Amino acid sequence: MPAPRRTLTNMSTATAQALQDLATANTLYASATAVLSTSELPAGHAAYFALATENHAAVQSRAQLYAAHALRTSGAHKLDQASLQTIADLGTEPSMEQLIAAEGHTTMGRTHYRSARAMMHDWLDIPRSTVNDRLVQADCLIGGIDDSGAPLPPWLPKLSQQFANPEVDPRLVLATATKLHSARKDLADGPAGEAQKEQLESQALQMIAGEPKSARKHIGELVARVKAGKRPLKALLEEVGLYRRGLRKGLVEYILRVLPSQAAVIEAFFASLSNPSTLAGNRDALQDTEAEFTGEQGSGWDDESTKPDWARQDSSSTDPPPDPPDPGDAPADPPAPPAPQADPQPAWEDLKPERRRLIGVMALLMADHSSRTAQDTGTRKGLATGQVSVILDYEKMMAGGEKYAVSSSGFALAPGEVRAMMCSAGIYPVILNGKSLPLDLGRSQRLFSKAQSRALRAAYRGCSYPGCSMPVERCELDHLDAWEKGGATDINSAALGCPVHHVERHCGLFHAVKIPGCRPMVLLPEALDPEQKLRVNTYFMTPDEAIKADQLADRMTELWRAGELQVEIVDP
């Protein structure tokens, strides 16, 4: 028994010494950069500064992959809260004794992180795409682990040897592993696929050794050649889907990737849009669908008197009509010439095909499919019907501000869009005050519990845990006043939590904070947030809303620390 204990102690001392060297290296590198970035360097020193920096980046990229692998194989995401606090307290100049004491303890109970992937993203603030790339590269070049925790060999054993060679720049090897792994689903099954992989790996190694500068281009061509062949269904299904790219030039872009059989159905629907005799080609219905979003004239508008108030030319003016002239007054000035009118909207047949297709798709999404049956429509019963909540900042709206409305999915809406959407029965206006507290649900009132749920989901839009990207439809309502302790189901004492963070709050891994006259906030443990600030999840907010929410959280934190604000840190 004594021998293993001494071996373990020696190993702990060795790793502690290596970690201390790493901390020292970080300090030295930071201090050197501070000097070199503020001095007027001679040309030779500038050149060596750049060379040394690139060498450091190469070493760091190798270390990052080994660190990701170590997090996964050691089960570091299962460290208990005391261990995380000890690690956070190490600082930038830890002693050997502190490092040895920071080995930590893992637990089988609920912890802050579900996996190494979550720990890398939430604790180290590494972007999700980078986390995915590193873990894929670790599988390829170091090895992975199976569901039982047993180690697996590297998927690319030849490239793995190159990666372990300190004389080789690891960055090109990492990029090559990522590129080859992208073709994994396109390889054949069984021995044929293994032979394909070995051939790709050997060719890639030849290119790296022969001409590293052009290796990336040629390796990309090799992978593209594999994907250009007859791709198996498994590979195709990995890439189908509707992807949101984000806001660009005032429009929200999506990418749709479908199977050929699905494309045939879509193309047939697009063709029917040009046929007036089909349901899809109903001009009036499609024109009305477009009008609900753009405010253009609908089929039921015969003249100016039949338009709704928001669609009239003078609807944007809040001034009362002028009084009729007094007969004794001086003659009025001649009326000004009428302002030039905008060009009328083109007829349906003259619209671009792309816009007609979009209108048809929107009509499908807005249709109520729940009452249809296979006998009368030929469609499946029970298809989902979208419901949109529009959150209005009441104070800004009354002051005539421009940016007072946002959809429940986080898209800012122009005033004209809002006025148009208000006429749609599928739109639920949610009035909020300046501190994002639900005040009114307008005509969307239902049963009490449904109204509360819609208000909370519209106001908070997602999980309350800072940085969590779980959308609102997958979140649960969280009673901050425990029902079993006499708490009421009060909208001012409720929050949203995803299934993971809802349980974590009840396990005491973080705390919700109730603030008078304000939305609930979150207080993370000191190990995760040394500043101990009150925080709000801004993931689903627009940039303007996120800035405002952060400022509100900072102000509440200052008042709380100064003893000027009575907050309630909610018990688990």
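Please refer to the structure placed before this passage.
Now for a quick tour of the structure. (Residues numbered from 1 in each chain as written. Predicted model: local features only at pLDDT ≥ 70, side-chain atom pairs only at ≥ 80, totals over all residues. Heavy atoms only, no water.)

### Focus: the overall build of the protein chain
At step 1: What the protein chain contains, in helices and strands, is 20 helices and 12 strands.
At step 2: Here the protein chain holds 572 residues, and the buried ones make up 33% of them.
At step 3: Pairs at least 24 residues apart make up 56% of the contacts formed inside the protein chain by residues separated by at least 6 positions.
At step 4: Of the accessible surface of the protein chain, which amounts to about 35,000 Å², a share of 56% is contributed by carbon and sulfur atoms. (Helix = DSSP H or I, 4+ residues; strand = E, 2+ residues; numbered from the N terminus. Buried < 20%, exposed > 50% of the residue type's maximum accessible area, 1.4 Å probe, protein only. Contact = heavy atoms within 4.5 Å. Areas by Shrake-Rupley, 256 points an atom, 1.4 Å probe, with all protein chains shown as cover.)

### A few points about the environment of threonine 111
At step 1: Mapped onto the elements, threonine 111 comes out in the loop between α4 (96-101) and α5 (116-122).
At step 2: A C-alpha to C-alpha distance of 7.5 Å links threonine 111 and histidine 77, two positions 34 residues apart in sequence.
At step 3: Apart from residues no more than four positions distant in its own chain, threonine 111 is found in contact with His77, Lys78, Leu79, Glu504 and Leu509.

### A few points about the pattern of salt bridges
At step 1: Counted according to the given criterion, the structure contains 11 salt bridges.
At step 2: Aspartate 554 serves as the salt-bridge partner of lysine 533, at 3.0 Å between the closest nitrogen and oxygen. Taken together, the residues lysine 533 in the loop between β11 (521-523) and α20 (543-561) and aspartate 554 in helix α20 connect sequence positions 21 residues apart.
At step 3: Through salt bridges with shared partners, a single network forms among Glu54, Asp169 and Arg171. (Salt bridge = Lys/Arg side-chain N within 4 Å of Asp/Glu carboxyl O.)

### A closer look at the sheet that holds strand β12 (residues 568-569)
At step 1: Taken in spatial order, the 3 strands of this open sheet run β11-β10-β12, and their pairing is antiparallel. What marks the edges here is a single partner per strand, and that holds for β11 and β12.
At step 2: Bridging between strand β10 (residues 511-514) and β11 involves 3 bridges; their strand directions are antiparallel. By the bridge assignment for β11, alanine 512 is matched with valine 522. (Pairing = 2+ DSSP bridges.)

### Digging into the pairing of strand β2 (residues 251-257)
At step 1: Here strand β1 (residues 241-248) runs beside β2; their pairing, made up of 7 bridges, is antiparallel. The residue of β2 that forms the bridge with arginine 248 is leucine 251.

### Concerning unusual backbone geometry
At step 1: Within the chain, lysine 249 stands out as a residue other than glycine whose phi angle is a positive 55°.
At step 2: When you line up the elements, lysine 249 lands in the loop between β1 and β2.
At step 3: Look at lysine 249 and you get exposed, because its relative accessible area is 88%.

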